[in-house]
Amino acid sequence: MGSTRPVAVAALGEALLVLRAPEGHTLESANNLEILLGGAECNVTIGCARMGLSSLWIGKLPNDPIGWSLVRRLRAEGVDTSGVVWAETGRIGIMFTEIGVYPRPSRVIYDRQMSVGSTIRPEDVDWSILRRVRHVHLTGVTAALSESARRTVVRCAQEARAAGATVSYDVNHRAKLWSSDEARAFYELLSPYVDILLVNTDEARLVFGVGGSPNEMLAALYERWQRPITIVTLGERGAAALANGEVYRVPGFVVERVNRFGAGDAFVAGFLSRYLTFRDVEDALRHGSAAAALKMTFGAANHPMFRADQVTHLVRFGGTQDEPQGTQARSYAVER
(Lines give C-alpha, C1' and ligand atoms only; values in the text may rest on other atoms or scores of the structure.)
Protein backbone atom coordinates (compact mmCIF):
# COMPACT_ATOMS: atom_id res chain seq x y z
CA MET A 1 0.00 0.00 0.00
CA GLY A 2 2.82 2.40 0.76
CA SER A 3 5.63 3.67 -1.42
CA THR A 4 9.20 4.78 -0.79
CA ARG A 5 8.85 7.47 -3.45
CA PRO A 6 8.34 10.93 -1.92
CA VAL A 7 5.80 12.12 -4.53
CA ALA A 8 2.61 10.11 -5.00
CA VAL A 9 1.16 11.95 -8.03
CA ALA A 10 2.68 14.26 -10.62
CA ALA A 11 0.79 15.97 -13.45
CA LEU A 12 2.08 17.80 -16.51
CA GLY A 13 0.00 20.55 -18.07
CA GLU A 14 -0.82 24.21 -18.55
CA ALA A 15 -1.71 26.51 -15.67
CA LEU A 16 -4.27 29.17 -16.56
CA LEU A 17 -5.10 32.57 -15.16
CA VAL A 18 -8.87 32.43 -14.58
CA LEU A 19 -10.74 35.73 -14.69
CA ARG A 20 -14.30 35.24 -13.43
CA ALA A 21 -17.31 37.50 -13.30
CA PRO A 22 -18.48 38.05 -9.69
CA GLU A 23 -21.51 36.15 -8.45
CA GLY A 24 -24.69 37.41 -10.09
CA HIS A 25 -22.83 39.02 -13.00
CA THR A 26 -21.97 38.01 -16.54
CA LEU A 27 -18.75 38.78 -18.38
CA GLU A 28 -20.69 41.42 -20.26
CA SER A 29 -22.04 43.16 -17.16
CA ALA A 30 -19.10 42.83 -14.74
CA ASN A 31 -17.03 45.88 -13.86
CA ASN A 32 -14.31 43.78 -12.25
CA LEU A 33 -13.19 40.16 -12.44
CA GLU A 34 -12.03 37.72 -9.77
CA ILE A 35 -8.57 36.15 -10.21
CA LEU A 36 -8.39 32.37 -9.86
CA LEU A 37 -6.00 29.53 -10.70
CA GLY A 38 -7.06 27.13 -13.46
CA GLY A 39 -5.90 24.19 -15.53
CA ALA A 40 -7.00 20.54 -15.42
CA GLU A 41 -3.69 19.19 -14.20
CA CYS A 42 -3.35 21.89 -11.54
CA ASN A 43 -6.80 20.94 -10.31
CA VAL A 44 -5.84 17.27 -10.06
CA THR A 45 -2.64 17.95 -8.10
CA ILE A 46 -4.51 20.24 -5.70
CA GLY A 47 -7.26 17.66 -5.26
CA CYS A 48 -4.72 14.92 -4.55
CA ALA A 49 -2.94 17.15 -2.02
CA ARG A 50 -6.25 17.86 -0.29
CA MET A 51 -6.91 14.11 -0.17
CA GLY A 52 -3.61 13.59 1.61
CA LEU A 53 -1.28 12.60 -1.22
CA SER A 54 1.98 14.36 -2.00
CA SER A 55 1.66 15.94 -5.44
CA LEU A 56 3.83 17.70 -8.01
CA TRP A 57 2.90 19.96 -10.92
CA ILE A 58 5.08 20.19 -14.03
CA GLY A 59 4.52 23.00 -16.52
CA LYS A 60 5.86 26.14 -18.15
CA LEU A 61 5.10 29.61 -16.77
CA PRO A 62 6.20 33.15 -17.57
CA ASN A 63 8.84 34.44 -15.17
CA ASP A 64 6.76 37.45 -14.17
CA PRO A 65 4.32 38.44 -11.40
CA ILE A 66 1.49 36.42 -12.97
CA GLY A 67 3.59 33.25 -13.09
CA TRP A 68 4.83 33.84 -9.54
CA SER A 69 1.25 34.31 -8.34
CA LEU A 70 0.07 31.01 -9.82
CA VAL A 71 3.01 29.17 -8.25
CA ARG A 72 2.24 30.78 -4.91
CA ARG A 73 -1.36 29.55 -5.16
CA LEU A 74 -0.24 26.01 -5.97
CA ARG A 75 2.21 25.99 -3.08
CA ALA A 76 -0.47 27.31 -0.73
CA GLU A 77 -2.50 24.19 -1.56
CA GLY A 78 0.44 21.91 -0.74
CA VAL A 79 1.57 21.20 -4.31
CA ASP A 80 5.28 20.74 -5.08
CA THR A 81 6.26 23.23 -7.83
CA SER A 82 9.86 22.14 -8.34
CA GLY A 83 8.83 20.96 -11.82
CA VAL A 84 8.04 24.49 -13.04
CA VAL A 85 9.87 25.58 -16.19
CA TRP A 86 10.34 29.35 -16.21
CA ALA A 87 10.14 31.28 -19.51
CA GLU A 88 11.75 34.71 -19.74
CA THR A 89 9.32 35.83 -22.45
CA GLY A 90 5.73 35.01 -23.33
CA ARG A 91 2.24 35.28 -21.90
CA ILE A 92 0.01 33.26 -19.61
CA GLY A 93 -3.06 31.49 -20.96
CA ILE A 94 -6.33 33.06 -19.78
CA MET A 95 -9.74 31.53 -19.09
CA PHE A 96 -12.69 33.94 -18.76
CA THR A 97 -15.68 32.44 -16.94
CA GLU A 98 -19.09 33.29 -15.60
CA ILE A 99 -21.19 31.05 -13.37
CA GLY A 100 -24.64 30.38 -14.76
CA VAL A 101 -27.84 30.11 -12.76
CA TYR A 102 -30.57 27.91 -14.21
CA PRO A 103 -31.76 28.33 -16.93
CA ARG A 104 -28.77 30.50 -17.95
CA PRO A 105 -25.74 28.25 -18.57
CA SER A 106 -22.23 28.92 -17.36
CA ARG A 107 -19.83 30.31 -19.94
CA VAL A 108 -16.12 29.98 -20.61
CA ILE A 109 -13.97 31.87 -23.12
CA TYR A 110 -10.33 30.86 -23.63
CA ASP A 111 -7.47 33.13 -24.63
CA ARG A 112 -4.57 30.67 -24.66
CA GLN A 113 -3.27 30.63 -28.24
CA MET A 114 0.55 30.82 -28.23
CA SER A 115 0.62 30.92 -24.45
CA VAL A 116 3.83 29.99 -22.67
CA GLY A 117 2.25 26.76 -21.47
CA SER A 118 1.41 25.70 -25.02
CA THR A 119 5.05 26.12 -26.12
CA ILE A 120 6.45 23.53 -23.71
CA ARG A 121 8.92 21.12 -25.35
CA PRO A 122 10.35 17.79 -24.18
CA GLU A 123 13.79 19.36 -23.82
CA ASP A 124 12.41 22.00 -21.43
CA VAL A 125 11.78 19.46 -18.67
CA ASP A 126 14.32 17.79 -16.39
CA TRP A 127 12.83 14.30 -16.60
CA SER A 128 14.93 13.00 -13.72
CA ILE A 129 12.22 14.53 -11.51
CA LEU A 130 10.02 11.53 -12.33
CA ARG A 131 12.40 9.15 -10.58
CA ARG A 132 10.83 10.22 -7.29
CA VAL A 133 7.23 10.01 -8.54
CA ARG A 134 4.90 7.06 -8.10
CA HIS A 135 2.16 8.00 -10.59
CA VAL A 136 1.86 10.51 -13.46
CA HIS A 137 -1.41 12.03 -14.66
CA LEU A 138 -1.83 13.44 -18.19
CA THR A 139 -4.77 14.92 -20.12
CA GLY A 140 -5.93 15.53 -23.64
CA VAL A 141 -6.27 19.25 -22.89
CA THR A 142 -2.50 19.74 -22.83
CA ALA A 143 -1.95 17.42 -25.76
CA ALA A 144 -4.37 19.50 -27.84
CA LEU A 145 -2.48 22.77 -27.33
CA SER A 146 0.33 22.35 -29.85
CA GLU A 147 2.59 19.89 -31.60
CA SER A 148 5.38 20.52 -29.08
CA ALA A 149 2.94 19.96 -26.21
CA ARG A 150 1.91 16.64 -27.73
CA ARG A 151 5.54 15.56 -27.97
CA THR A 152 6.04 16.59 -24.34
CA VAL A 153 3.03 14.58 -23.14
CA VAL A 154 4.28 11.48 -24.96
CA ARG A 155 7.80 11.96 -23.61
CA CYS A 156 6.40 12.36 -20.11
CA ALA A 157 4.53 9.06 -20.39
CA GLN A 158 7.64 7.34 -21.74
CA GLU A 159 9.85 8.74 -19.00
CA ALA A 160 7.30 7.81 -16.36
CA ARG A 161 7.21 4.23 -17.58
CA ALA A 162 11.02 4.09 -17.68
CA ALA A 163 11.15 5.41 -14.11
CA GLY A 164 8.72 2.74 -12.90
CA ALA A 165 5.73 5.07 -12.43
CA THR A 166 2.20 4.30 -13.56
CA VAL A 167 0.29 6.65 -15.88
CA SER A 168 -3.32 7.84 -16.12
CA TYR A 169 -4.79 9.70 -19.09
CA ASP A 170 -8.00 11.73 -19.01
CA VAL A 171 -9.23 12.23 -22.59
CA ASN A 172 -10.85 15.53 -21.49
CA HIS A 173 -11.71 16.39 -25.09
CA ARG A 174 -11.88 20.05 -26.11
CA ALA A 175 -13.48 20.36 -29.54
CA LYS A 176 -12.33 23.99 -29.81
CA LEU A 177 -8.70 22.87 -29.59
CA TRP A 178 -8.61 19.83 -31.90
CA SER A 179 -10.82 17.41 -33.79
CA SER A 180 -12.06 14.03 -32.61
CA ASP A 181 -9.88 12.37 -35.24
CA GLU A 182 -6.80 14.17 -33.93
CA ALA A 183 -7.64 13.25 -30.34
CA ARG A 184 -8.15 9.59 -31.27
CA ALA A 185 -4.91 9.43 -33.28
CA PHE A 186 -2.99 10.90 -30.36
CA TYR A 187 -4.39 8.37 -27.92
CA GLU A 188 -3.40 5.59 -30.32
CA LEU A 189 0.16 6.85 -29.93
CA LEU A 190 0.00 7.29 -26.16
CA SER A 191 -1.99 4.16 -25.29
CA PRO A 192 0.92 1.73 -24.76
CA TYR A 193 2.11 3.83 -21.82
CA VAL A 194 -1.31 4.33 -20.16
CA ASP A 195 -2.41 2.27 -17.14
CA ILE A 196 -5.66 4.11 -16.37
CA LEU A 197 -7.86 5.54 -19.13
CA LEU A 198 -10.62 8.01 -18.18
CA VAL A 199 -13.34 9.01 -20.63
CA ASN A 200 -16.90 10.30 -20.33
CA THR A 201 -19.79 9.01 -22.39
CA ASP A 202 -19.71 11.89 -24.88
CA GLU A 203 -15.99 11.38 -25.45
CA ALA A 204 -16.49 7.64 -25.88
CA ARG A 205 -18.94 8.37 -28.69
CA LEU A 206 -17.29 11.39 -30.33
CA VAL A 207 -13.61 10.48 -30.03
CA PHE A 208 -13.70 6.69 -30.10
CA GLY A 209 -16.98 5.93 -31.88
CA VAL A 210 -18.16 3.75 -29.00
CA GLY A 211 -21.84 3.66 -28.03
CA GLY A 212 -24.33 1.55 -26.14
CA SER A 213 -24.60 0.94 -22.41
CA PRO A 214 -21.74 1.74 -20.01
CA ASN A 215 -20.81 -1.95 -19.96
CA GLU A 216 -20.73 -2.03 -23.75
CA MET A 217 -18.58 1.10 -23.84
CA LEU A 218 -16.14 -0.39 -21.35
CA ALA A 219 -15.97 -3.67 -23.25
CA ALA A 220 -15.33 -1.93 -26.57
CA LEU A 221 -12.63 0.35 -25.15
CA TYR A 222 -10.93 -2.57 -23.42
CA GLU A 223 -11.09 -4.77 -26.51
CA ARG A 224 -9.33 -2.07 -28.54
CA TRP A 225 -6.62 -0.98 -26.09
CA GLN A 226 -6.65 -3.45 -23.16
CA ARG A 227 -5.53 -0.95 -20.56
CA PRO A 228 -5.40 -2.28 -16.96
CA ILE A 229 -8.17 0.10 -15.83
CA THR A 230 -10.74 1.76 -18.10
CA ILE A 231 -13.16 4.25 -16.53
CA VAL A 232 -16.29 5.75 -18.07
CA THR A 233 -17.83 8.63 -16.14
CA LEU A 234 -21.61 8.86 -16.45
CA GLY A 235 -22.56 12.34 -15.30
CA GLU A 236 -25.48 12.22 -12.88
CA ARG A 237 -25.51 8.40 -13.08
CA GLY A 238 -22.09 7.99 -11.47
CA ALA A 239 -19.17 6.09 -12.97
CA ALA A 240 -18.17 2.64 -14.17
CA ALA A 241 -14.86 0.86 -14.63
CA LEU A 242 -13.46 -2.33 -16.10
CA ALA A 243 -10.44 -3.72 -14.27
CA ASN A 244 -9.03 -7.22 -13.85
CA GLY A 245 -11.85 -8.60 -15.96
CA GLU A 246 -14.54 -7.17 -13.65
CA VAL A 247 -16.99 -4.33 -14.17
CA TYR A 248 -17.57 -1.92 -11.27
CA ARG A 249 -20.44 0.59 -11.14
CA VAL A 250 -21.22 3.31 -8.59
CA PRO A 251 -24.12 5.79 -8.51
CA GLY A 252 -23.93 9.55 -8.25
CA PHE A 253 -24.64 11.74 -5.22
CA VAL A 254 -27.32 14.33 -4.60
CA VAL A 255 -25.83 17.82 -4.77
CA GLU A 256 -27.03 21.39 -5.16
CA ARG A 257 -24.65 22.66 -7.81
CA VAL A 258 -22.91 25.99 -7.28
CA ASN A 259 -19.92 25.75 -9.64
CA ARG A 260 -19.49 22.90 -12.12
CA PHE A 261 -16.00 23.88 -13.34
CA GLY A 262 -13.33 21.35 -12.38
CA ALA A 263 -15.71 18.57 -11.30
CA GLY A 264 -14.13 16.07 -13.69
CA ASP A 265 -10.68 16.88 -12.34
CA ALA A 266 -11.99 16.42 -8.81
CA PHE A 267 -13.21 12.96 -9.80
CA VAL A 268 -9.72 12.08 -10.99
CA ALA A 269 -8.18 13.32 -7.74
CA GLY A 270 -10.68 11.41 -5.63
CA PHE A 271 -10.17 8.23 -7.63
CA LEU A 272 -6.37 8.37 -7.70
CA SER A 273 -6.04 9.24 -4.03
CA ARG A 274 -7.94 6.11 -3.01
CA TYR A 275 -6.75 3.74 -5.71
CA LEU A 276 -3.06 4.49 -5.24
CA THR A 277 -3.47 3.98 -1.49
CA PHE A 278 -5.76 0.94 -1.28
CA ARG A 279 -5.88 -0.58 -4.80
CA ASP A 280 -9.66 -0.99 -4.53
CA VAL A 281 -11.28 0.12 -7.81
CA GLU A 282 -14.88 0.25 -6.55
CA ASP A 283 -13.92 2.22 -3.43
CA ALA A 284 -11.86 4.58 -5.59
CA LEU A 285 -14.80 5.15 -7.95
CA ARG A 286 -17.03 6.05 -5.00
CA HIS A 287 -14.49 8.54 -3.71
CA GLY A 288 -14.07 9.99 -7.19
CA SER A 289 -17.81 10.49 -7.53
CA ALA A 290 -18.04 12.01 -4.05
CA ALA A 291 -15.13 14.36 -4.75
CA ALA A 292 -16.76 15.54 -7.99
CA ALA A 293 -20.08 16.13 -6.24
CA LEU A 294 -18.47 18.08 -3.40
CA LYS A 295 -16.42 20.16 -5.83
CA MET A 296 -19.60 21.55 -7.34
CA THR A 297 -20.82 22.82 -3.95
CA PHE A 298 -17.90 25.28 -3.58
CA GLY A 299 -18.11 28.54 -5.47
CA ALA A 300 -14.88 30.15 -4.26
CA ALA A 301 -12.54 28.44 -6.75
CA ASN A 302 -12.46 26.19 -9.80
CA HIS A 303 -9.97 23.83 -8.15
CA PRO A 304 -11.06 21.37 -5.41
CA MET A 305 -11.83 22.93 -2.04
CA PHE A 306 -12.97 19.81 -0.18
CA ARG A 307 -11.13 18.02 2.61
CA ALA A 308 -10.43 14.29 2.65
CA ASP A 309 -12.75 13.76 5.63
CA GLN A 310 -15.62 15.44 3.76
CA VAL A 311 -15.19 13.10 0.80
CA THR A 312 -15.00 10.03 3.03
CA HIS A 313 -18.05 11.16 5.00
CA LEU A 314 -20.10 11.55 1.83
CA VAL A 315 -19.07 8.08 0.66
CA ARG A 316 -20.00 6.48 3.98
CA PHE A 317 -23.15 8.36 4.92
CA GLY A 318 -24.45 10.14 1.82
CA GLY A 319 -25.70 13.71 2.12
CA THR A 320 -26.07 15.64 5.35
CA GLN A 321 -29.18 15.20 7.44
CA ASP A 322 -30.10 18.85 7.07
CA GLU A 323 -30.38 18.89 3.26
CA PRO A 324 -32.61 21.78 2.18
CA GLN A 325 -36.05 20.79 1.05
CA GLY A 326 -37.55 22.08 -2.16
CA THR A 327 -34.19 23.00 -3.72
CA GLN A 328 -33.17 22.16 -7.25
CA ALA A 329 -30.82 19.45 -6.04
CA ARG A 330 -29.61 16.98 -8.65
CA SER A 331 -27.75 13.69 -8.59
CA TYR A 332 -24.19 14.04 -9.81
CA ALA A 333 -20.96 12.15 -9.78
CA VAL A 334 -19.10 13.96 -12.55
CA GLU A 335 -19.78 16.89 -14.81
CA ARG A 336 -17.18 17.90 -17.36
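Residue numbers here run from 1 along each chain, matching the order of that chain's written sequence. Given that this is a predicted model, residues contribute local features only at a pLDDT of at least 70 and side-chain atom pairs are listed and counted only at 80 or more, while totals for whole chains, interfaces and linings are drawn from all residues. For side-chain calculations, the full set of non-hydrogen atoms in the structure is used, while hydrogens and water are omitted.

**Here's the deal with the confidence of the model for the chain**
1) Next: Confidence scores per residue from the predictor, reported as pLDDT, run from 0 to 100. Taken as a whole, the chain shows an average pLDDT of 93; of its residues, 93% reach a score of 70 or greater.
2) Next: Every residue pair with non-hydrogen atoms within 4.5 Å of one another is taken to be in contact. Long-range and interchain partners of residues 321-336, a stretch whose pLDDT sits below 50, account for 52 contacts in this model, where long-range means more than four residues apart.

**A few points about the pairing of strand 11 (residues 229-233)**
1) Next: Categorising residues by exposure relies on relative accessible area from a 1.4 Å probe, with only protein chains included: less than 20% of the type maximum marks a residue as buried, more than 50% marks it as exposed, and the intermediate range marks it as partly exposed. Each helix is a run of DSSP H or I of at least 4 residues and each strand a run of E of at least 2, with the numbering of both proceeding from the N terminus. A large share of strand 11 lies buried, amounting to five of its five residues.
2) Next: Where burial is concerned, the two faces of strand 11 agree: the one with Ile229, Ile231 and Thr233 and the one with Thr230 and Val232 are both buried.
3) Next: DSSP-based pairing: two strands are paired if at least 2 bridges between them are found. Two strands pair when backbone bridges link them, and strand 10 (residues 196-200) and strand 11 are joined in this way by five bridges, in the parallel orientation. Note on strand 11: the bridge partner recorded for asparagine 200 is threonine 233.
4) Next: Across five bridges, strand 11 lies against strand 12 (residues 239-243) in antiparallel orientation. Of the residues in strand 12, the one forming a bridge with threonine 230 is leucine 242.
5) Next: Connecting strand 11 to the antiparallel partner strand 12 that follows it, the hairpin turn spans five residues, and glycine 235 within it adopts a positive phi of roughly 60°.

**Regarding the pairing of strand 12**
1) Next: Burial of strand 12 is extensive: five of the five residues sit out of reach of the surface.
2) Next: In strand 12, alternate side chains face the same way, and those of Ala239, Ala241 and Ala243 on one face and Ala240 and Leu242 on the other are all buried.
3) Next: For strand 12 and strand 13 (residues 246-250), the ladder comprises five bridges, and the chain directions are antiparallel. Across the sheet, residue leucine 242 finds its bridge partner in strand 13, namely valine 247.
4) Next: Count of turn residues in the strand 12/strand 13 antiparallel hairpin: two residues, of which asparagine 244 carries a positive phi of about 55°.

**Brief notes about the nonpolar core**
1) Next: Buried residues of nine kinds, namely Ala, Val, Leu, Ile, Met, Phe, Trp, Tyr and Cys, make up a nonpolar core once their side-chain atoms join them within 4.5 Å. Leu130, Val136, Leu138, Tyr169, Phe186, Leu190 and Phe208 are the most contacted members of the largest nonpolar core, which has 48 residues in total.
2) Next: No other element matches the six residues that helix 4 (residues 147-162) contributes to this core.
3) Next: Membership of the second largest hydrophobic core comes to 25 residues, among which are Leu198, Leu276, Ala284 and Ala292.

**Focus: the packing of aromatic side chains**
1) Next: Any pair of Phe, Tyr and Trp rings, taking the six-membered ring for Trp, is counted once the centres come within 6.5 Å. Such a pair is stacked with planes under 30 degrees apart, edge-to-face with planes over 60 apart, and tilted for the rest. Counted under the stated rule, the structure contains eight aromatic pairs.
2) Next: Ring centres of tyrosine 169 and phenylalanine 186 lie 6.2 Å apart, and the angle between their planes is 45°; on these two criteria the pair is classed as tilted. Of this pair, tyrosine 169 sits in strand 9 (residues 166-170) while phenylalanine 186 is found in helix 5 (residues 180-190), placing the two residues 17 residues apart along the sequence. As far as the burial class goes, tyrosine 169 and phenylalanine 186 line up, both buried.
3) Next: Arranged with centres 5.0 Å apart and planes meeting at 75°, the rings of tyrosine 187 and tryptophan 225 form a pair that is edge-to-face. In this pair, tyrosine 187 sits in helix 5 while tryptophan 225 sits in helix 7 (residues 214-225), placing the two residues 38 residues apart along the sequence.

**Concerning the sheet that holds strand 1 (residues 7-12)**
1) Next: Pairing is mixed across the open sheet formed by nine strands, whose spatial order is 5-4-1-8-9-10-11-12-13. Only two strands of the sheet have a single neighbouring strand rather than two, namely strand 5 (79-87) and strand 13. Going across the sheet, the axis of each strand differs from the next one's by a mean of 20°, ignoring polarity.
2) Next: Strand direction decides the pairing type here: strand 1 and strand 4 (residues 55-62), joined by four bridges, are parallel. Axes here mean lines fitted to C-alpha atoms, for a helix over just the part in contact, with angles spanning 0 to 180 degrees between N-to-C directions.

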